[in-house]
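Breakdown of the fold
So you can see what is in the structure, the chains are spelled out below.
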Number of protein chains: 4
Amino acid sequence: MQIGVFGLGRMGANIVRRLMRAQHECVVFNRTPDKVRQLEGEGAIAAASLAQFVHLLAKPRVVWVMLPAGDVTEQAIAALAEKLEPGDIVIDGGNSYYKDDVRRAKLINAKGINYIDVGTSGGVWGLERGYCLMIGGKPEIVNYLDPIFKSLAPGIGDIPKTPGREHLSSTAEMGYLHCGSHGAGHFVKMVHNGVEYALMQAYAEGFDIFRSANSQELTEDYRYDLNMADISEVWRRGSVVGSWLLDLTAMALAENPTLSNYSGYVQDSGEGRWTIMAAIEEAVPADVLSAALYTRFRSRQEHTFAEKILSAMRYKFGGHVEQHS
Amino acid sequence: MQIGVFGLGRMGANIVRRLMRAQHECVVFNRTPDKVRQLEGEGAIAAASLAQFVHLLAKPRVVWVMLPAGDVTEQAIAALAEKLEPGDIVIDGGNSYYKDDVRRAKLINAKGINYIDVGTSGGVWGLERGYCLMIGGKPEIVNYLDPIFKSLAPGIGDIPKTPGREHLSSTAEMGYLHCGSHGAGHFVKMVHNGVEYALMQAYAEGFDIFRSANSQELTEDYRYDLNMADISEVWRRGSVVGSWLLDLTAMALAENPTLSNYSGYVQDSGEGRWTIMAAIEEAVPADVLSAALYTRFRSRQEHTFAEKILSAMRYKFGGHVEQHS
Amino acid sequence: MQIGVFGLGRMGANIVRRLMRAQHECVVFNRTPDKVRQLEGEGAIAAASLAQFVHLLAKPRVVWVMLPAGDVTEQAIAALAEKLEPGDIVIDGGNSYYKDDVRRAKLINAKGINYIDVGTSGGVWGLERGYCLMIGGKPEIVNYLDPIFKSLAPGIGDIPKTPGREHLSSTAEMGYLHCGSHGAGHFVKMVHNGVEYALMQAYAEGFDIFRSANSQELTEDYRYDLNMADISEVWRRGSVVGSWLLDLTAMALAENPTLSNYSGYVQDSGEGRWTIMAAIEEAVPADVLSAALYTRFRSRQEHTFAEKILSAMRYKFGGHVEQHS
Amino acid sequence: MQIGVFGLGRMGANIVRRLMRAQHECVVFNRTPDKVRQLEGEGAIAAASLAQFVHLLAKPRVVWVMLPAGDVTEQAIAALAEKLEPGDIVIDGGNSYYKDDVRRAKLINAKGINYIDVGTSGGVWGLERGYCLMIGGKPEIVNYLDPIFKSLAPGIGDIPKTPGREHLSSTAEMGYLHCGSHGAGHFVKMVHNGVEYALMQAYAEGFDIFRSANSQELTEDYRYDLNMADISEVWRRGSVVGSWLLDLTAMALAENPTLSNYSGYVQDSGEGRWTIMAAIEEAVPADVLSAALYTRFRSRQEHTFAEKILSAMRYKFGGHVEQHS
């Protein structure tokens, strides 16, 4: 089917490519025109302006917005809403806050325009592996878009069937899922990212214990020279901790076991934060999800003010003057 | 090759079966004889006593001890050490503390007997999937036992090769790894389990946020009826959080999405605890590993004394009398 | 000076009493009239309705609202705003969210009515000890209310002066502080409560380690019968961990060292939660503040769904069936 | 009474001074003689060697060892044990691991020498305020040393009596406590320090939220310029979070509200670590005590290896290249 894609960053461009491979017709638009031209060269229909973008789309128009969460997405959807007509469909495929979906859907529905939120996981691998799609919105619209979702998702592939699912029917096995009403897709994606941070941190702490064991002063208990590339590799095989994130860790450690090419300065996106806020609103103890988020906050500072408070107290009660070693 | 297996619990018995499938000759012994008889029926050579067990093994004898960590393993190895001869090999395949390996290896080496520690991951799936083996001890002995390890491990199978490993040669790709000297195998397995706890807790908190969202009082922000079985399934497909633990979660949720058949009373083994102790000895911040362990401690109590202290303070400063709702 | 107090719960009533002791004239109102009558008996001027309450107050009216945070306070202030006149002053002395102060102040200021937010700490002890007041709003209004704040606060008393403050002039030494513009008082009180939770949890975990040491199976390392009442008492004397919360703990343990009269079911108020949300908005690692909040969440559940997920995974990979011991 | 003090660091020297003020006779010894001479000038009896130190003491000798925990204390006590005679008393007043006390007491008792462990809190303030003493060992020996303990402890002073203690008799009110058999004093001191870390961290995170609120980009929700010196001061007056550590924080912030003179590089001693190990041995959830310890570990590193693992994973799945801002 035909679809318009607004926003051609790494994710947006690859989504266009995966859709075109599946014979969907893609109309593309981006604030900076070079990306539009590149995808035009790959077979997409190029739009030079938002007006042209809307004009080029057949009714009911389907527009996938793939922009950074927050103001950029907000403004883009507002601009689209002014140009679209009743029956058209706006899909927010970015990382929006699910409460913004609820609010925006209400605004847009009032004009007769449909709203769908899609949490999209897959990163730079999605083009080849397919994207895991978590979808929120009205069932009939989600159903109408099924060809799009089916093409973007990985499909059943060679991932083993889950025993016990024989009696269940759901698109989940194909890698996309209608999670519920407006915002449900981004709610599920939000928690997905919260979980992702904690999974990452679990491995990270484990390998830190290895690296640090290697660098301990030599004692009977600490005399190992553990090969972290090999450990990450062996864990991929038959162990309980195998995962795709471990696969990536094994790649990185195989290339450079000291990871000296990485800064250790770790960003976080809104979703990890919103997950904790949801947990707090629901009174769910979220110990590891929070701890994982906080290590990222900490990674971006030289010293926290909290640490200076500790130094100050220690000086005041014990006369300890602390310096960098 | 021939191998003796001492300890025929779930893990021990399956190890015997996987070795026999690979045409190794297994001499088996267990404190309770019924398990011996069962494996005899499957082709193993049965020993009725420790003395007979040792007698039935050709020199240099290879004995795989597969018993619960702690006193049971300690005593079994001590008993074996009295009956074995120089050149024989004892393998501790259980979940021993790596510091015990270091100590025991020294004792046993003094008698000319060799000691190997093997951390074994795979659970009830190991018989079919193969076991991930983390091995510590002298290289020449590890090398001698290679046919055993190769048969127990999963082998390369259909797990994709790690890009970047082309130039590396290691048995890690086959699912077994010589990690270092005495204790190194159990050290790596210890951290493996510490990481496992935190990975499990990460998913657990995520699904708790879903379940709790479903049971919130209905508001605009919380009006979803999320299908957790489907969510766990869709995450297996193309998402960043795919893993074997997620596969198991998807199985459990497919069978019973409320998990009402599970108690929520969660045991922990020594390895999760020792991981934190190692982190502390090394001054490694282990925030999520610790938090994951503590939720298990907490799960086994009705109320902690800490919570009573909180109630008491609250009563004393605010007059709050707290009761079960 | 004259002041109206709306809301005569434990805190509100004691605030009236402390103000009357300082010769302020108090007009009082409450939804349920018995509390009004009781304070009338102690010298307050009773109002039978909100209209009468406003009528009885001299202009510019000063109204201290002391109600539970959330809808109750919201509605009370809205109702007052309809009856008050330009120049009047509304003080929200409850535990409101500071973002609500910002919003409400704007609404009310538009009518010419002044808004002050006051975070009030002191609990049931405040009547005798005085209340610690954290104040937000316009300086001239805060200044106008100084006699009220001074009477409610503890004053300098016999608390030692802080060395280094000789050159600083501030009402902080008297126990009340103008923290900043609208919401600043409740912002500071919010963090105060977040810190309070963590201080409480710190002691709670410490005493749990004592109680649990007492109940360990007897070994050489665990053979103590620690007297927790005495420990809490000795720590009050010359140690680094002395505090008012410890004083309260010592009281509770002196009365009943097993604390069997307390449930261990621990409530939390909005402030602890909002503190974490502020930390997350600011990207401040708030590890202990969060952990303290989560133990409260956990204390109110028999088992979390997270724990059932753990049980389920353990069963699926290891065949572990977990039961209550 | 007469007492020998071995180890004249800051704590040891002030203990001597406080004992001399109470008219006890002090024989002093130290590895470096200048400190011996200084205290001789203040009235102590100086020993030039360990042999002379022992010689100068009247039988039964009482020796207070005040040295850094670990090897230094271990060796000093071993050296003393060779020179002392049955009936003599060794007091370890340092920060030893309580398991070392249990072991050492057994060794020394075998020679008829008595062993007492004393956890000593008070820091540089102890000379004036008195030391909080937590004592382990045999009751008759503790009783014999009562004049020493009484002189070092703060005494009842002007700290209010705990309501509910009227019927209890204990030296706890005087600031010293016999906690139990060998090691009990250091066990209680160990947990004391674990709690101390978490109390410190609670305030530290709270003030970090203030400082960070001040430095947020200006929005309606973040437009405060909070005066942290004043906040710490006002909290000392009538609030729930008042404590001695807060007093010290108020001092530091009064001197320099930015704390720019402190590094934020925070040491930890063995006791904080051993507290967590005890919690783990006892299966006590110690969430805030652990988190407080880990922030200290983290404060001493530029970037953890864990953070580099996170960066590496992020690069591998999302192509995110992270740099220092």
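Below is a summary of the structure that appears in this document. (Residues numbered from 1 in each chain as written. Chains lettered and ligands numbered in written order. Predicted model: local features only at pLDDT ≥ 70, side-chain atom pairs only at ≥ 80, totals over all residues. Heavy atoms only, no water.)

**Things to note about the interface of chain A and chain B**
How we decide: The contact criterion used throughout is that any non-hydrogen atoms of two residues lie within 4.5 Å. Summed over both partners, the accessible area (1.4 Å probe) lost when two parts come together is defined as the buried area. Here a salt bridge means any side-chain nitrogen of Lys or Arg lying within 4 Å of a carboxyl oxygen belonging to Asp or Glu. Any pair of N or O atoms that falls within 3.5 Å is considered a polar contact. Within protein, one atom must be able to donate a hydrogen and the other to accept it, and sequence-neighbouring residues count only if both atoms are side-chain atoms.
With 92 residues of chain A in contact, the opposing surface of chain B contributes 92 residues. Overall, the association of chain A and chain B removes approximately 7,900 Å² of surface from exposure, summing both partners, and the carbon and sulfur fraction of that is 64%. When the area that chain A buries against chain B is broken down by residue, the three leading residues are Ile209, Arg237 and Val240 of chain A, summing to 10%. Our enumeration of links across chain A and chain B arrives at eight salt bridges. Its salt-bridge partner being Lys106 of chain B, residue Glu220 of chain A comes within 2.5 Å of it at the nearest N-O pair. For the pair chain A and chain B, the interface holds 48 residue pairs in polar contact (both at pLDDT 80 or more).

**Comments concerning the interface of chain A and chain D**
Facing 59 residues of chain A, the contacting portion of chain D comprises 58 residues. Carbon and sulfur atoms supply 65% of the area buried between chain A and chain D, which totals about 5,300 Å² over both sides. For chain A, the biggest contributors to the area lost against chain D are Phe305, Lys316 and Phe317 of chain A; these three give 15% of the whole. Counting the contacts that link chain A with chain D gives two salt bridges. A salt bridge links Glu255 of chain A to Lys316 of chain D; its shortest N-O distance comes to 2.7 Å.

**Focus: the pairing of strand β4 (residues 62–65) of chain B**
All names here are of chain B. Threshold: Accessible area is worked out with a 1.4 Å probe on protein chains only. A residue is then buried under 20% of its type maximum, exposed over 50%, and partly exposed in between. Starting at the N terminus, helices and strands are each numbered in turn, a helix being any DSSP run of H or I of at least four residues and a strand any DSSP run of E of at least two. By definition, two strands form a pair when at least two bridges between them are found by DSSP. A clockwise course of the path from the first strand over the helix to the second, judged with the strands pointing away from the viewer, identifies a crossover as right-handed.
By the alternation rule, side chains of β4 split into Val62 and Trp64 and Val63 and Val65, which are all buried. For strand β1 (residues 2–6) and β4, the ladder comprises three bridges, and the chain directions are parallel. By the bridge assignment for β4, Gly4 is matched with Val63. Pairing geometry for β4 and strand β5 (residues 89–92), over four bridges, is parallel. Bridging across to β5, Val62 finds its partner in Ile89. Between the parallel pair β4 and β5, the chain is carried across by helix α4 (residues 71–83), and the sense of this crossover is right-handed.

**Some words on the sheet that holds strand β6 (residues 114–121) of chain D**
Residue and element names in this part refer to chain D. To keep things clear, this is the line we draw: A fitted line through C-alpha atoms serves as each axis, taken over the contacting stretch for helices, and the angle formed by two N-to-C directions is quoted from 0 to 180°.
Here we have eight strands laid out as an open sheet, ordered β3-β2-β1-β4-β5-β6-β7-β8, and mixed in their pairing. Each having just a single partner strand, β3 (45–46) and β8 (176–180) make up the two edges of the open sheet. As paired elements, strand β1 (residues 2–6) and strand β2 (residues 25–29) share five bridges and run parallel to each other. Bridging across to β2, Ile3 finds its partner in Cys26. Together, β1, β4 (62–65), β5 (89–92) and β6 form the strand contacts of helix α4 (residues 71–83), whose direction differs from that of β4 by roughly 165 degrees. Strands in contact with helix α5 (residues 98–109) are β5 and β6; relative to β6, the strand with the most contacts, it is inclined by about 150 degrees.

**Observations regarding the packing of aromatic side chains**
Residue and element names in this part refer to chain A. Selection criterion: Centres within 6.5 Å are what make two rings of Phe, Tyr or Trp a pair, Trp counting through its six-membered ring; a difference in plane orientation under 30 degrees is then read as stacked, over 60 as edge-to-face, and the rest as tilted.
What the rule picks out here adds up to 72 aromatic pairs over all chains. The interplanar angle of 35 degrees and the centroid separation of 6.0 Å between the aromatic rings of Phe29 and Phe53 together place this pair among those described as tilted. With Phe29 in strand β2 (residues 25–29) and Phe53 in helix α3 (residues 50–56), this residue pair connects regions lying 24 residues apart in the sequence. The class for Phe29 is buried, based on a relative accessible area of 6%. Note on Phe53: relative accessible area 0%, which makes it buried.

**Considerations on the relation of the copies chain A and chain B**
Counted only if it meets this: Least-squares superposition aligns the copies on the C-alpha atoms of those residues with pLDDT at or above 70 in both.
Overlaying chain A with chain B gives an RMSD of 0.0 Å, the required rotation being 180 degrees about an axis along which the chain moves by 0.0 Å. Put plainly, the chains are arranged around a two-fold axis. Considering only C-alpha atoms, the residue of chain A closest to the rotation axis is Ser243 of chain A, which sits at 1.9 Å. Interface residue correspondence from chain A to chain B reaches 100%, placing this contact among same-surface, isologous pairings.

**Let's talk about the pattern of salt bridges**
Going through the model one piece at a time under the given rule, you end up with 105 salt bridges over all chains. When the shortest N-O distance is used, the salt bridge between Glu233 of chain B and Arg165 of chain A registers 3.9 Å. With Glu233 of chain B in helix α10 (residues 228–235) and Arg165 of chain A in the loop between α8 (146–152) and β8 (176–180), this residue pair bridges two chains. Asp146 of chain B is paired through a salt bridge with Lys150 of chain B; the nearest N and O atoms lie 3.6 Å apart.

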